[in-house]
Amino acid sequence: MSDTITFGQEISNLLYATEGEPLRTCIQCGTCSGTCPVAGYMDYTPRQIIALINQGKKDQVLDSNTFWYCASCYYCTVRCPQEINITELMYALKRYSIWQNHYKEGLIGPTFSEAFVKMIVRGGRSYEPILAPAYIFSFGLRELLQEVTGATELLLKGRLPIIPARIKRLDSFKRMIGRIIPMGGLE
Amino acid sequence: MKEYAYFPGCSLEKMAVSYHRSAIETTKKLGIKLKELEDWNCCGATTYFYIDELLAYTLCARNLAIAEKTGLDVVAPCSACYKNMYFTAAHLKKDPDLAEHVNFALEEDNLHYNGNVKIKHLIEVFAQDVSAEEIKSKVSHPLEGIRVAPYYGCQIVRPQKEKEDVEQPQFFEGILSAIGATPVNYPLKMRCCGGSLIISSRTAALSMVRNLLQCAVDSQATVIATACPMCQVNLEVYQQQVNLEFGTNFSFPVMYFTQLIGLAFGIPPKKLGIGKEFVSFAPSLLPVLQE
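Predicted, not measured: the structure shown is a model, and the values here were computed from it.

Looking only at helices and strands, chain B features 15 helices and eight strands. Here the C-alpha radius of gyration of chain B, 19 Å, is about what a compact globule of 291 residues would show, namely 19 Å. Out of the 291 residues in chain B, the part that is buried amounts to 59%. Taking as baseline every contact in chain B between residues at least 6 positions apart, the subset at least 24 positions apart corresponds to 79%.

Glancing now at the domain arrangement of chain B. You'll often see interface size given as the accessible area lost when the parts meet. All names here are of chain B. For chain B, the assigned domains read domain 1 (2-122) and domain 2 (140-290). Once you take the C-alpha centre of each, domain 1 and domain 2 turn out to be 24 Å apart. Counting from both sides, the interface comprises 23 residues of domain 1 and, opposite them, 25 residues of domain 2. Elements supplying a minimum of two residues to the side of domain 1 that touches domain 2: α1 (10-13), α2 (17-29) and α5 (79-94). Tallying contributions element by element places α2 first for the side of domain 1 that touches domain 2, with nine residues. Residue composition of the side of domain 1 that touches domain 2, grouped by class: twelve nonpolar, seven polar and four charged.

So, about the pairing of strand β1 (residues 2-6) of chain B. Residues and elements named next belong to chain B. Looking at chain direction, β1 and strand β2 (residues 32-36) are connected through five bridges and run parallel. Bridging from a neighbouring strand, E3 pairs with K33 of β2. Summarising the sheet, β1 and strand β3 (residues 74-76) pair through two bridges and their orientation is parallel. From the neighbouring strand, A5 faces β3, where its bridge partner is V74.

Chain-level pLDDT for chain B is 94 on average; 98% of the residues reach the 70-or-more range. Both confidence scores are given for the complex: pTM 0.94, ipTM 0.93.

On the chain A side, the residues contacting the 50 residues of chain B number 52 residues. Looking at the side of chain B that touches chain A, the elements that each hand over two or more residues are α1, α3 (48-51), α4 (53-70), α6 (96-106), α10 (197-200), α11 (202-218) and α13 (239-246) of chain B. In terms of residue count, the dominant contributor to the side of chain B that touches chain A is α4(B) (six residues). In terms of residue class, the side of chain B that touches chain A is made up of 26 nonpolar, eleven polar and 13 charged.

With that settled, the discussion passes to the packing of α11(B) against α13(B). All names here are of chain B. Running from N to C, α11 and α13 point in directions that differ by 100 degrees, and their axes come no closer than 9 Å. Judged by the inter-axis angle, α11 sits roughly perpendicular to α13. Mapping the contact onto sequence places L206, V209, R210 and L213 in α11 and Q239, Q241, V242, E245 and F246 in α13.

Right, let's talk about the nonpolar core for a bit. Residue and element names in this part refer to chain B. Membership of the largest hydrophobic core comes to 160 residues, with the highest contact counts inside it found for M85 and L260. Per-element tally for this core: the top contributor is α4, with nine residues. Every residue in contact with M85, bar those within four places of it in the chain, is listed here: F7, C43, C60, N63, L64, V74, A76 and I119.

Before going further, it helps to examine α5(B). Residues and elements named next belong to chain B. Helix length check: α5 (16 residues) gives 23 Å between terminal C-alpha atoms against 22 Å at 1.5 Å per residue, within 8%. With twelve of its 16 residues buried, α5 lies for the most part within the structure. Taken residue by residue, α5 has S79, A80, C81, Y82, K83, N84, M85, Y86, T88, A89, H91 and L92 as its buried positions. Looking at the buried side of α5, the elements it contacts are α4, β3, α6, β4 (119-121) and α12 (229-237).

Residue and element names in this part refer to chain B. Remark: α4 packs on α5, axes separated minimally by 9 Å, with the N-to-C direction vectors making an angle of 95 degrees. Looking at the two axes, α4 sits roughly perpendicular to α5. For the pair formed by α4 and α5, the contact residues are Y57, C60, A61, N63 and L64 on the first element and N84, M85, T88, A89, H91 and L92 on the second. Among the residues making up the contact of α4 with α5, the classes are represented as seven nonpolar, four polar and no charged.

Residue and element names in this part refer to chain B. Ordered by their spatial adjacency, four strands build an open sheet running β6-β5-β7-β8, and the pairing between neighbours is parallel. This sheet does not close on itself; its edge strands, each paired only once, are β6 (182-183) and β8 (254-256). Alignment of strand β7 (residues 223-226) against β8, held across three bridges, turns out to be parallel. Each bridged residue has a counterpart across the sheet, and for T226 the counterpart in β8 is Y256.

Okay, the sheet that holds β2(B) next. All names here are of chain B. The strand order β2-β1-β3-β4 describes an open sheet built from four strands, whose pairing is parallel. Edge positions in the open sheet fall to β2 and β4, since each of these has one partner strand only. The mean inter-strand angle of the sheet, taken between neighbouring strand axes irrespective of direction, is 40 degrees. As paired strands, β3 and β4 are joined by three bridges and run parallel to one another. In the strand pairing of β4, A76 is matched with H121. Relative to β4, α5 is tilted by about 160 degrees, and along the sheet it contacts β3 and β4.

What counts as what
- Residues numbered from 1 in each chain as written.
- Chains lettered and ligands numbered in written order.
- Predicted model: local features only at pLDDT ≥ 70, side-chain atom pairs only at ≥ 80, totals over all residues.
- Helix = DSSP H or I, 4+ residues; strand = E, 2+ residues; numbered from the N terminus.
- Rg over C-alpha atoms; globule rule 2.2 N^0.38 Å.
- Buried ≥ 20, exposed ≤ 12 C-beta atoms within 10 Å, placed from the backbone.
- Contact = placed C-beta atoms within 7 Å.
- Domains from an automatic or database assignment.
- Nonpolar A, V, L, I, M, F, W, Y, C, P; charged D, E, K, R; others polar.
- Pairing = 2+ DSSP bridges.
- pLDDT = per-residue confidence, 0-100.
- Axes fitted to C-alpha atoms, helices over the stretch in contact; angles between N-to-C directions.
- Parallel < 35°, antiparallel > 145°, perpendicular 65-115°, else oblique.
- Core = buried A, V, L, I, M, F, W, Y, C linked by C-beta atoms within 7 Å.
- Expected span 1.5 Å × (residues − 1).

Below, the structure is given as structure tokens:
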């Protein structure tokens, strides 16, 4: 007998600091899916994703866009009658899929998040222009033009930074992060 | 004079600079000082949590540790910053093991977090720490006849913190009434603006924005009031893209609630960052501005 853990247990283990009831207490009522403002765009609704996890359908879950389409609005979470923290579950699935390097092709979410975190690790603060290459190439021409037009107008209104913002104690900031994650992967 | 440690967050440095300016001006008028946190770092929005939980808590805790040294409560005007800081503080308090990990990393920056910081959203300062009477007493230009959609969005009210009303809160309406405006019944006031999906899942986010704008039109509001830079950008800056995507014709002003308060207080529009918006709200507010 091997003592490998199930996919459902793996995901539960990723919900380290979060309070909430275990996924197996889900009664499949569908309140989450009815509440979710993005459900119509997801491959599987939140209710279906929980059912798939409980059945151990790992590939089906990881190959779906569902958790990358979660906007973190927490509406499902405050309404779940079983008090499952569904939004945090979506976060856990994102982390899992990035670590496993297993996600649906064509999604912007994974690349964008990694670019964002790298930017913070380097400078301590967000600087929008540096993020654009992480997603702009996935856009069609029409979207690209719209995005450029919007950015130009923001610039003209003085709402886009020219110089990247940086924190002052960047060296100790980086050493601090180094105590959490190996910097080699992010630099 | 009341004083708070102020965590502006990255958006308020530039993209939402009018929120920053109007926050400073309006609180000053109420005898409140917002003292910016020294050398603060980005709260992580949602993305730290996509990558690594411990990293996310550490980056938020650095700001908490810096704030703790001031002995003041922290105020965050951005809903995402607020949610991240609030729940980081809550998790660190109840989980000594997590706090130990985080403090081990903070040592590198000569910081330590003891768990004694209270975090508030800027709108809570106006709704809880200042009374409606105090606000009313500063109003010189009541926004009479201005119909405002109070847009709460997500992360001010969700996740739930204690036992507060997460379905039908009324504090935003209370602030708008105090400055003489008419808060309209805005059925989608608690719905999400799409947040960062505007980049990662564009069509989904644009349709969420369209619904919110249409609902404001249906509520016969003349302006949407928001308390979050993400909401403001999605609802306003992306309005043109909504129109192109869905063939709609929205031209709907979206203001920070502090800009509306500032106008009612008689603060010059320029000091409130008015003029940096894509959709001018001057026509709807002209009667007030001219008085």
